Amino acid sequence: MSYVSPKELAGRIISSGESKVFMSTRDTLIRAYMAGAILALAAAFAVTIGAKTGEPLVGAVLFPVGFCMLYLLGFDLLTGVFTLVPLAWLDRRPGVTFGAMMRNWGLVFVGNFAGALTTAVMMAIYFTYGFSVEPDAVGKAIGAIGEGRTLGYADHGAAGMLTLFVRGVMCNWMVSTGVVGAMMSDSLPGKVIAMWMPIMVFFYLGFEHSVVNMFLFPSGLMLGGDFTVGDYLIWNEIPTVLGNLVGGLAFVGLVIYATHHRTGSERARPEPATPTKSTVVSEA
């Protein structure tokens, strides 16, 4: 499998961020919508596997299939543009302004949310036969996730909020590693392997992903979860978005930018020892 060196990878990341900024509004929304819809379907898939097998690890191992599909198709997640676009801004690429970056983030957020909500509605219909019966075991599991990841944090107050934020940070540390991992190889198998590993880690450890939560929480509300929209926004989505921003940028984007693009000067190397006259004579 072809491998891209870290220095070349850094250039690809910055150029990718630049391209996101200049994408048309239409294309940005379409690609974000499809990314949110596909990732939501993958989350439903993983929760279904976990509920039916009783083994969350199986769901975590298979969840990355959705992430791989959406990135191979060129769609965009908010967690990805949080990492890519700021580097183009820091590199002072022409036309990449702070306002342009915020515009991209806003459009991707709207598109992701619309796509995830669409999947949430369809899956709620699927789980309840068009809201005509009680949700099945999987639907109840999704509702329980919504409660646990809102009221569960709220029960711990400030400590719960800190935990939520840190889980958001660690999530996008892994997810953004998957995003840039796709650029480490020019072969399809190489891209998939590089994406699969960190995404599996994030999902199994229960980190907080803002786009996955755009599916889980609206879906949970429709399936009888005992929490409110306010609970979802205050005790999950907003802190998760902020944590995802910090995690992807601090632990992935800025690290690669600092050490592989703005590489520091090498330390002075010692001069090779010069053979003395006596050494030369003895060797002769």
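Residues numbered from 1 in each chain as written. Predicted model: local features only at pLDDT ≥ 70, side-chain atom pairs only at ≥ 80, totals over all residues. Heavy atoms only, no water.

## Thoughts on the side chain of Asp76
Turning to step 1, where the next piece is worked out: Looking at where Asp76 falls in the secondary structure, it is placed in the loop between helix H4 (64–72) and helix H5 (78–90).
Turning to step 2, where the next piece is worked out: Only 2.7 Å separates the side chain of Asp76 from the side chain of Lys20, close enough to count as a polar contact.
Turning to step 3, where the next piece is worked out: In this view, Asp76 contacts Lys20, Met23, Arg31, Ala32, Ala35, Val81, Val108 and Asn112; residues no more than four positions away in its chain are not counted. (Helix = DSSP H or I, 4+ residues; strand = E, 2+ residues; numbered from the N terminus. Polar contact = N/O pair within 3.5 Å; in protein donor to acceptor, adjacent residues only side chain to side chain. Contact = heavy atoms within 4.5 Å.)

## Overview of the nonpolar core
Turning to step 1, where the next piece is worked out: Core analysis: the largest hydrophobic core is formed by 67 residues, its most contacted members being Phe63, Phe67, Phe202 and Phe215.
Turning to step 2, where the next piece is worked out: No other element matches the ten residues that helix H2 (residues 25–53) contributes to this core.
Turning to step 3, where the next piece is worked out: Apart from residues lying up to four places away in sequence, Phe67 is in contact with Leu39, Leu77, Val175, Gly178, Val179, Met195 and Ile199. (Core = buried A, V, L, I, M, F, W, Y, C linked by side-chain atoms within 4.5 Å. Buried < 20%, exposed > 50% of the residue type's maximum accessible area, 1.4 Å probe, protein only.)

## Here's the deal with the confidence of the model for the protein
Turning to step 1, where the next piece is worked out: Mean pLDDT for the protein: 94, with 96% of residues reaching 70 or above.
Turning to step 2, where the next piece is worked out: Mean pLDDT across the elements of the protein ranges from a minimum in helix H13 (residues 277–283), with 58, to a maximum in H5, with 98. (pLDDT = per-residue confidence, 0-100.)

## Details of the packing of aromatic side chains
The description of two aromatic rings rests on the distance between their centres and on the angle between their planes.
Turning to step 1, where the next piece is worked out: In total, this model carries ten aromatic pairs according to the counting rule given.
Turning to step 2, where the next piece is worked out: Here the aromatic rings of Phe63 and Phe202 are separated by 5.8 Å at their centres, their planes lie at 80 degrees, and the arrangement is edge-to-face. On the criterion of sequence distance, the pair formed by Phe63 in the loop between helix H3 (56–62) and H4 and Phe202 in helix H10 (residues 188–204) is long-range, its members being 139 residues apart. A single burial state applies to Phe63 and to Phe202, both of which are buried.
Turning to step 3, where the next piece is worked out: Both rings, one in Trp89 and one in Phe98, keep their centres 5.6 Å apart while their planes meet at 55 degrees; by these two values the pair is tilted.
Turning to step 4, where the next piece is worked out: Trp89 gets classed as partly exposed once you look at its relative accessible area, which sits at 35%.
Turning to step 5, where the next piece is worked out: Within the aromatic cluster, the residues linked to one another by ring pairs are Phe63, Phe202 and Phe203. (Phe/Tyr/Trp six-rings, centres within 6.5 Å; stacked < 30°, edge-to-face > 60°.)

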